[in-house]
Amino acid sequence: MSSVFVIGSHGQIGQKLVSKLIARKFVVYAGIRNDGQAKVFPTDKLVHPVHFDLNDSAEKMAKCFKQTGADTIVFSAGSGGKTGDDQTLIIDLDGAVKSTEAARIAGIKRYVMVSSVGSNKRDLWDKSGIKPYLIAKHYADKELQRTELDYTILRPGMLKNTSGTGAITVNSKSEERLSIPREDVAEVIAEIVDNQATFKKSYTIGSGETKIAAAF
C-alpha cells in the first residue's frame, strides 16, 4: 500500500497523521472542506489536499476516491463536541457509513476507522456524557463490520493534547479510565495502516507500557 486518503485530515488527529504518514513515504490525499484548510499541512510533494464533503452522496465520494487513486481510507472525522446531535448523526454516523459505501464503489479494500472507547459497550453509554456520539459510533462500526472491506476499528480512550509517549495498552479491561494523547492515536494509525495482521479486527487503545511498534 502506498497512498492514503485521510477523511478528517484537518482535525487534530488528522493533522498529526498526515505528517506521520509522509514521514513513512506514503502519498497522502488530505480531505478538506475549503482551500484555507490546506495551509496546515507540510509543504511536501507527498501531500495532496483534496476537496471532500461528508454531506455528499456515496457516489460523489467514490468519484473523489477514484480520481486520487488512493488504496487506503482512514476515517478520522467528527462533528465536534460543540455541534448538536443532528450533526453527530449526519457526520459521525451517516457520513461514516457513506464513506464505507464509497470505498466499496471505488474498489478500495483497506479502511481504518477511528471510533471511540465505549462505543461497543452499551452499559457505559448513560454515564459517559456523550451517549448520542457513542451510539453514532457504535452503528457506524457495525455497518463497517458488515462489509467485505479490510477494516481496522480503533477505539481510543479519552483524547488528550499532551505529547505522545509512544507506548499504549490494547484491549484493556479498564476502559472507563483509559486516555491517550492524540499524537499516539495518529502514531497507531500510521503503524497499522498497511499491517495485514490488523485486518478485520477492532482494538480499544489507551496509554500504557507496550511500544506502539510492538503492539500489533
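Residues numbered from 1 in each chain as written. Predicted model: local features only at pLDDT ≥ 70, side-chain atom pairs only at ≥ 80, totals over all residues. Heavy atoms only, no water.

Draft legend 1. Up close: the pairing of strand β8 (residues 167–170). Pairing geometry for β8 and strand β11 (residues 210–211), over 2 bridges, is antiparallel. When the sheet's bridge partners are listed, Ile-168 is paired in β11 with Thr-210. Of the strand pairs in this sheet, β8 and strand β10 (residues 201–207) are connected by 3 bridges, and their pairing is antiparallel. Within β10, the residue paired with Thr-169 across the bridge is Gly-206. (Pairing = 2+ DSSP bridges. Helix = DSSP H or I, 4+ residues; strand = E, 2+ residues; numbered from the N terminus.)

Draft legend 2. Broad picture of the side chain of Asp-92. Among the secondary structure elements, Asp-92 is positioned in helix α3 (residues 85–106). Polar side-chain contacts of Asp-92 include one of 2.7 Å to the side chain of Ser-79. What Asp-92 contacts, discounting residues up to four positions off in sequence, is Ala-77, Gly-78, Ser-79, Gln-87, Tyr-133, Ala-136, Lys-137 and Ala-140. (Polar contact = N/O pair within 3.5 Å; in protein donor to acceptor, adjacent residues only side chain to side chain. Contact = heavy atoms within 4.5 Å.)

Draft legend 3. Layout of the sheet that holds strand β4 (residues 72–75). Strand order in the open sheet formed by 9 strands is β3-β2-β1-β4-β5-β6-β10-β8-β11, with mixed pairing between adjacent strands. A single partner strand is all that each edge strand has here, and the edge strands are β3 (47–51) and β11. Across 5 bridges, the pairing between strand β2 (residues 27–32) and β3 is parallel. Of the residues in β3, the one forming a bridge with Ala-30 is Pro-49.

Draft legend 4. Looking closely at the side chain of Arg-155. Following the sequence through the fold, Arg-155 ends up in strand β6 (residues 150–156). Overall, Arg-155 belongs to the buried group, its relative accessible area being 7%. A distance of 3.2 Å separates the side chain of Arg-155 from the side chain of Ser-119, its partner in a polar contact. If sequence neighbours within four positions are ignored, Arg-155 has contacts with Ser-115, Ser-116, Val-117, Ser-119, Asn-120, Asp-141, Gln-145, Ser-202, Tyr-203, Thr-204 and Ile-205. (Buried < 20%, exposed > 50% of the residue type's maximum accessible area, 1.4 Å probe, protein only.)

Draft legend 5. Geometry of the nonpolar core. Judged by nonpolar contacts, the single largest core of 30 residues is most densely connected at Val-4, Leu-17, Leu-21, Val-74, Val-188 and Ile-189. Of all the elements in the fold, those that place two or more residues in this core are β1 (3–7), α1 (12–23), β2, β5 (110–114), α5 (182–192) and β10. No other element matches α5, which puts 6 residues into this core. Not counting residues within four places of it along the chain, the set of residues in contact with Leu-17 comprises Val-6, Val-74, Ala-186, Ile-189 and Ala-190. Within the second largest apolar cluster, 27 residues are counted, among which are Phe-52, Leu-54, Ala-102 and Ala-106. (Core = buried A, V, L, I, M, F, W, Y, C linked by side-chain atoms within 4.5 Å.)

Draft legend 6. Examining the pattern of salt bridges more closely. Enumeration over the complete set of coordinates arrives at 10 salt bridges. The partner of Glu-183 in a salt bridge is Lys-20, with the nearest N and O atoms 3.8 Å apart. Of the two residues, Glu-183 is situated in helix α5 and Lys-20 in helix α1; the sequence distance between them amounts to 163 residues. Each of Lys-20, Arg-24, Glu-183, Glu-187 and Glu-191 takes part in salt bridges that share partners, so that together they form one network. (Salt bridge = Lys/Arg side-chain N within 4 Å of Asp/Glu carboxyl O.)

Draft legend 7. Up close: helix α4 (residues 131–145). The first and last C-alpha atoms of α4 sit 21 Å apart over 15 residues, in line with the 21 Å expected at 1.5 Å per residue. Looking at α4, one finds that the buried residues are Leu-134, Ala-136, Lys-137, His-138, Ala-140, Asp-141 and Leu-144. Residues of α4 that are buried in the fold lie against β4, α3, β5 and β6. (Expected span 1.5 Å × (residues − 1).)

Draft legend 8. Expanded view of the packing of aromatic side chains. Tallied over the full model, the rule gives 4 aromatic pairs. For the pair Tyr-203 and Phe-216, a centre-to-centre distance of 5.0 Å together with 85° between the ring planes defines the contact as edge-to-face. You can see Tyr-203 sitting in strand β10 and its partner Phe-216 sitting in the segment after β11, a full 13 residues away along the chain. The class for Tyr-203 is buried, based on a relative accessible area of 10%. (Phe/Tyr/Trp six-rings, centres within 6.5 Å; stacked < 30°, edge-to-face > 60°.)

Draft legend 9. Here's a closer look at unusual backbone geometry. Of note in the backbone geometry, Lys-25 takes a positive phi value of approximately 70° without being a glycine. Summarising the element assignment, Lys-25 is placed in the loop between α1 and β2.

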